[in-house]
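Inside the fold
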Amino acid sequence: MTAPAQPPPLTGLKVLEFAGLAPGSPFAGLLLADAGADVLRIDRAPSTSTPPPPTTDLLTRHKASLAVDLKSPAGVSLIRTLASHADVLIDPYRPGVLEKLGLGPSVLCGANPRLVYARLTGFRRDGRYAAMAGHDINYLAVSGALGMLGRAGEKPTPPLNLLADFAGGGAMLVQGVLLALVARASTGKGQVVEANMVDGVSYLATFPRFAQKTPVGDRPRGQNLLDTGCPYYDTYETGDGKFVAVGALEPQFFAALVEGLALGGKGWETRRYERDSWPELRRLLEERFRSKTRAEWEAVFDGTDACCTPVYEYVEMEADVVGKEGDQRPAVALRDTPLLAVRRDAADASHGQGAGVEGEGYVGFPLAVGERGAAMLERWFDWTEGEQFEIQGGGMVLKEKSKL
């Protein structure tokens, strides 16, 4: 008999997340929240009596919000009190912003030596661009990674904002937080964790950077084995205007591909390394793939080792979560301490996920300023409004007698 799943691995962890404009730090908070941490987003208190609209941040699953006026001494005092009992603080601002507010690491870590003070910037804090604004495309550009992305003869193409904001930024920051928590278990002390998207992306690009010194990647952009320069590592349009992805690099996989395309026995198995023949092979593959619909090619290649798969779009995966494996799940499955689910009613310990939320993994719901914040403080400290805290000018402050 299988033992019942235990709570998520970060249950009980208290996280303060300052609301920022870039999505990298909210994504870091989302990863922690999905792992069971209590993530309390610190939002700016409204400047008028009219309730503010929800923020544009959609990475709010399992989080709560607290409205605080960080320009007031009372607001700063509240943050210092919360930080003195928090495990993790996420700083998404440019260097120096929280220091000017009296909320820098020297102050907060001095008051709470166990605090993991996590900071995420786009550019390096000590680099030539440190004082400049930027977005994902800029961090990719100066990291060197953007120069590798795109087809031959075309300009560099950024892959949405996946690489810098999320992979090189938010996910790398969480790795640093977890490492600091592991270290804290031994030393009893937290520490400052600094991540930036330029270094994060550059680290992710370790292999292609090394490959530039080898035959795998020593040619210009779009002319290499893994960047669409090779005809059997590319995407192809099918007869119905959809696409398939081909990655038949190894000999046995390539043999399965040409067999499925009815091209076996024509010598391509031995000529596939001849670059001079690649344009001819590419034209042939383009012609063959356009001869059938994507569904027809799925019927040919499903269950084979041809490394030929359909290119699905999220709209069709959402409409067919079973047939297209479109049910959204946590990135990793922990069988004994499953993460919280992405989808509502998707609890399944065998897939490493507990109870979920609305949206089915395809729709995010903005978190209103102040939403669920009081309830989280009640869970953390047993505080109630009117006793330990009150609302002044739209922002939460501690009552004088209740300062911890």
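Residues numbered from 1 in each chain as written. Predicted model: local features only at pLDDT ≥ 70, side-chain atom pairs only at ≥ 80, totals over all residues. Heavy atoms only, no water.

Short version of the rule: UniProt positions are given in the numbering used here, feature names are shortened, and annotations may be inferred rather than shown by experiment.
The protein appears in an unreviewed UniProt entry as CoA-transferase family III domain-containing protein from Bombardia bombarda. Per UniProt, the protein has the following entry under Sequence similarities (unreviewed entry): "Belongs to the CoA-transferase III family."

**Overview of the overall build of the protein**
Threshold: Where helices and strands are cited, they refer to DSSP runs of H or I of at least four residues and of E of at least two residues respectively, numbered from the N terminus. Accessibility here uses a 1.4 Å probe with only protein chains present; expressed as a share of the type maximum, an area under 20% marks a residue as buried, one over 50% as exposed, and anything in between as partly exposed. Two residues form a contact once any of their heavy atoms are found within 4.5 Å. With residues, only the protein chains shown are counted as cover, and all accessible areas are computed by Shrake-Rupley using a 1.4 Å probe. Only four residue types enter the charge count: Lys and Arg as positive, Asp and Glu as negative, with His and the chain ends excluded. For the purpose of locating charges, the reference atoms are NZ of Lys, CZ of Arg, CG of Asp and CD of Glu.
A count of helical and extended segments in the protein gives 14 helices and 11 strands. Along the first, second and third principal axes, the C-alpha atoms of the protein reach 85 × 55 × 45 Å. Sorting the 404 residues of the protein into buried and exposed places 41% on the buried side. Taking all contacts inside the protein whose residues are at least 6 apart in sequence as the whole, residues at least 24 apart take part in 65%. Carbon and sulfur atoms make up 55% of the accessible area of the protein, which totals about 21,000 Å². Taking the 43 positively charged and 50 negatively charged side chains of the protein as two groups, their mean positions are separated by 6 Å.

**Concerning the sheet that holds strand β7 (residues 233–237)**
Here is the rule we go by: The criterion for strand pairing is that DSSP finds at least two bridges linking the strands in question. Structural elements are reduced to axes, namely lines fitted to C-alpha atoms, with helices fitted over the stretch in contact, and the angle between N-to-C directions of any two is expressed from 0 to 180 degrees.
Reading across from one edge, β7-β8-β9 is the order of the 3 strands in this open sheet, with antiparallel pairing throughout. Since the sheet does not close on itself, it has two edges, and those belong to β7 and β9 (308–310), each with one partner. This sheet shows a mean twist of 25 degrees between the axes of neighbouring strands, independent of strand direction.

**Quick notes on the nonpolar core**
Nonpolar side chains in soluble globular proteins tend to be buried together. Convention followed: Buried Ala, Val, Leu, Ile, Met, Phe, Trp, Tyr and Cys residues that are joined via side-chain atoms within 4.5 Å together make up what is termed a nonpolar core.
Ranked by size, the top nonpolar core spans 31 residues in total, and within it Val15, Leu32, Val88 and Leu173 carry the most contacts. Secondary-structure elements contributing two or more residues to this core are α1 (24–34), β4 (88–91), β5 (116–121), α5 (136–143), α6 (162–187), β6 (192–196) and α7 (197–204). Of all hydrophobic cores here, the second largest spans 30 residues; its members include Phe18, Val76, Leu108 and Leu377.

**Notes on the side chain of serine 143**
Stated formally: Distance and chemistry together define a polar contact, namely a pair of N or O atoms within 3.5 Å, with one atom able to donate a hydrogen and the other to accept it when in protein, and with adjacent residues in sequence counting only for side-chain atoms on both sides.
Examined against the element boundaries, serine 143 turns out to sit in helix α5. Here serine 143 falls in the buried class, since its relative accessible area comes to 16%. For serine 143, the side chain forms a polar contact with the main-chain oxygen of leucine 140, separated by 2.8 Å. Setting aside residues no more than four positions away along its own chain, serine 143 makes contact with Val198, Val201 and Ser202.

**Some thoughts on the pairing of strand β10 (residues 389–392)**
Bridge count for β10 against strand β11 (residues 395–398) is 4 bridges, and the pairing is antiparallel. Bridging from a neighbouring strand, phenylalanine 389 pairs with leucine 398 of β11. Hairpin connection from β10 to β11: 2 residues lie between these consecutive antiparallel strands, with glycine 393 at a positive phi of about 60 degrees.

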